[in-house]
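# Examining the three-dimensional arrangement
Residues per chain are reported as follows:
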Amino acid sequence: MIDLTTLTIARARKKLDAKEFSAVELTQAYLDEIKKKNKELNAYLEVYDDVLDQAKKADELIASGESHPLLGIPLAIKDVILIKGRKVSAASKILENYVASYDATVISKLKKQGVIFLGRTNTDEFAMGGSTENSAYGVTKNPYDTRRVAGGSSGGSVVAVAANLALGALGSDTGGSVREPAAFCGIVGFKPTYGRMSRHGLIAMGSSLDCIGQIAKTTEDAKIIYDAINGYDVLDSTSIKDTTYPKASLKKVIGVPWDLVNGEGVNSEVKENFKESIKKLETLGFKIKDIHIQNLDTALATYYIIMPAESSTNLARFDGVRYGLHKDGKNLLEDYKLTKGAGFGKEVRRRILIGAYVLSAGYYDAYYGKAQAVREILKKEFAKAFADVDMIATPTAPFVAWKIGEKSDPVSVYLADIFTITANMVGVPAVSIPSGFSKVEGKDLPLGIQFMAPHGGENLLFEVGKKFEEMR
Ligand code: GLN
């Protein structure tokens, strides 16, 4: 019997190489667990039927002496990343039976390493949301309390890892979609610098914000996945060449925007837990500095203008002609109305409307133009803050996972992103690390701490994450 609860990618690698178990045995253990738990948790929308064949191939490669960090490692992939010849739906009815015609760049890289793809995981439709409640295929449940959401939008990938239904996973993070669910389910969620991961083959949400993220049990595992898939890609026009942060200038100072952390909407248990985490960081030798970032409190509102503007533009391509669902009307306009009306869920339609509105003549300057100006200020403010500190820390989310259906007003879900969206707005890397639990109605619900580093400062996050984990 393989004990999946204590298994990490790093440990599995050693055991696979030492022939303690084969990739087929390891994969079978995950398939058994998926069979037991997925019906209730709804982490996977589809488990592939050739998983054991993939594992057999990995075993042959291992036997032939080939070695890669992810060879024979079973991973889960969020249903917004293209794998050639397999279905990808963005958890939307409009793409229900859509089959990808090419591999995303990150997938090609994983294939080269001999990764085993277990299946595609649930998400809010087109990654729009923070709980998977906007999925067209049902909500993913939190393994710590199945009455609660797992967070989102990468909730399926996060639950796959948290409930031992995969060793690691890929998600996407446009405003916090990897970090917020990771915090809600007690695992690590990593969002790299914008442009560091190719977006080629990622179904677009807000193109200037989208980032493929790594989901794992430990920072070490997140780094293994990150190392395998990062890098410049000629197929993504916003892909960046190497921008590694100069390590020599480390000050061992972490900035905390206390005014935001101590703000009204932040749950008192979250504040308590964060303060304890800060004490741990001091024990680790970090100095904590109170920082003030001008306009930080407007970042959320700004994001909810820029993201829908970009989303509405990106979603225009789903017209019922080129991709997916098609409904026949009397003329082209009616085709559009019928197709989009039937294919898109409520939240997606809401964002298309907001996006089209803020981009329309007469409102462009007041909304989109203003939001872009605020974004520029934020970028400058962050650059200024990082002149004095190595990293910025905040709680990952202002509250614990909520009960399914509890937040009926969309704005109350948007508020979950208060700490995470800024990293996307300014393009810096960020990570959520488990920071403990809060007891709610007799259940221990996980909490997370978020660290943000300057552009290209991923190494700092891996380092602080590892240290923080060792203190747990
Ligand atoms: N919760 C945020 C939103 O709804 C972020 C989503 C994401 O990162 N994909 O837009």
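Summarised in this report is the structure supplied together with it. (Residues numbered from 1 in each chain as written. Predicted model: local features only at pLDDT ≥ 70, side-chain atom pairs only at ≥ 80, totals over all residues. Heavy atoms only, no water.)

### Brief notes about the environment of Ala 58
Looking at the secondary structure, you find Ala 58 in helix H3 (residues 51-63). Residue Ala 58 is classed as buried on the basis of its relative accessible area of 2%. Once the C-alpha coordinates of Ala 58 and Ile 254 are considered, the two residues, 196 residues apart in sequence, prove to be 42 Å apart. Contacts of Ala 58, omitting those with residues within four sequence positions, involve Ala 23, Leu 71, Gly 72, Gly 114 and Ile 116. (Helix = DSSP H or I, 4+ residues; strand = E, 2+ residues; numbered from the N terminus. Buried < 20%, exposed > 50% of the residue type's maximum accessible area, 1.4 Å probe, protein only. Contact = heavy atoms within 4.5 Å.)

### Some details on the sheet that holds strand E10 (residues 287-290)
Taken in spatial order, the 11 strands of this open sheet run E1-E3-E2-E6-E8-E7-E12-E13-E11-E9-E10, and their pairing is mixed. Among the strands making up the open sheet, the edge pair consists of strand E1 (44-47) and E10. Between one strand axis and the next, the sheet turns through 30 degrees on average, direction left out of account. Pairing of strand E9 (residues 253-256) with E10, which is carried by 4 bridges, proceeds in the parallel orientation. By the bridge assignment, Val 256 is partnered in E10 with Asp 290. Lying over the sheet, helix H9 (residues 268-283) contacts E9, E10, strand E11 (391-395), strand E12 (430-440) and strand E13 (443-452), oriented at roughly 55 degrees with respect to E13. (Pairing = 2+ DSSP bridges. Axes fitted to C-alpha atoms, helices over the stretch in contact; angles between N-to-C directions.)

### So, the environment of Asp 319
With respect to the helices, strands and loops of the structure, Asp 319 is situated in the loop between helix H10 (299-315) and helix H11 (332-343). Looking at Asp 319, the relative accessible area reads 8%, which means it is buried. Measuring from C-alpha to C-alpha, the distance between Asp 319 and Leu 333 comes to 9.9 Å, with 14 residues separating the pair along the chain. Those residues in contact with Asp 319, other than ones at most four positions away along the chain, are Tyr 336, Thr 339 and Lys 340. Within the local environment of Asp 319, its side chain forms a polar contact with the backbone nitrogen of Val 321, the two atoms lying 2.9 Å apart. At a separation of 3.1 Å, a polar atom in the side chain of Asp 319 contacts the main-chain amide nitrogen of Arg 322. (Polar contact = N/O pair within 3.5 Å; in protein donor to acceptor, adjacent residues only side chain to side chain.)

### Comments concerning helix H1 (residues 9-17)
Among the residues of H1, Ile 9, Ala 10, Ala 12, Arg 13 and Leu 16 are the ones counted as buried. Axial view of H1: buried residues confined to an arc of 165 degrees, hence all on one face. Where H1 is buried, its residues touch helix H2 (23-41), H3, strand E2 (74-78), strand E6 (168-172) and helix H7 (219-229). Phi turns positive, to about 60 degrees, at Lys 19, one or two residues after H1. (Arc of directions from axis to C-beta.)

### Some remarks on the environment of Lys 111
Mapped onto the secondary structure, Lys 111 falls in helix H4 (residues 105-113). Sequence separation between Lys 111 and Ile 83 is 28 residues, and the spatial gap between their C-alpha atoms is 9.9 Å. Among residues more than four places away in sequence, those in contact with Lys 111 are Ile 83, Asp 103 and Phe 117.

### Brief notes about the pattern of salt bridges
Tallied over the entire structure, the rule returns 27 salt bridges. We note a salt bridge from Asp 227 to Lys 223, for which the minimum N-O separation is 2.9 Å. Residue Asp 227 and its partner Lys 223 are both found in helix H7; the two are separated by 4 residues, about one turn of the helix. Asp 227 gets classed as partly exposed once you look at its relative accessible area, which sits at 43%. Of the residues examined, Lys 223 reaches a relative accessible area of 29% and is grouped as partly exposed. Put simply, Lys 379 and Glu 376 hold a salt bridge, and the shortest N to O gap is 3.5 Å. Separated by 3 residues within a single helix, Lys 379 and Glu 376 lie in helix H13 (residues 365-388), roughly one turn from each other. (Salt bridge = Lys/Arg side-chain N within 4 Å of Asp/Glu carboxyl O.)

### Brief notes about a nonpolar patch on the surface
On the surface, a nonpolar cluster with roughly 330 Å² of combined accessible area is contributed by Tyr 232, Val 234 and Leu 235. What makes Tyr 232 partly exposed here is its relative accessible area of 43%. (Patch = residues over 30% accessible without salt bridge, like charges linked within 9 Å, V, L, I, M, F, W, Y side chains within 5 Å. Areas by Shrake-Rupley, 256 points an atom, 1.4 Å probe, with all protein chains shown as cover.)

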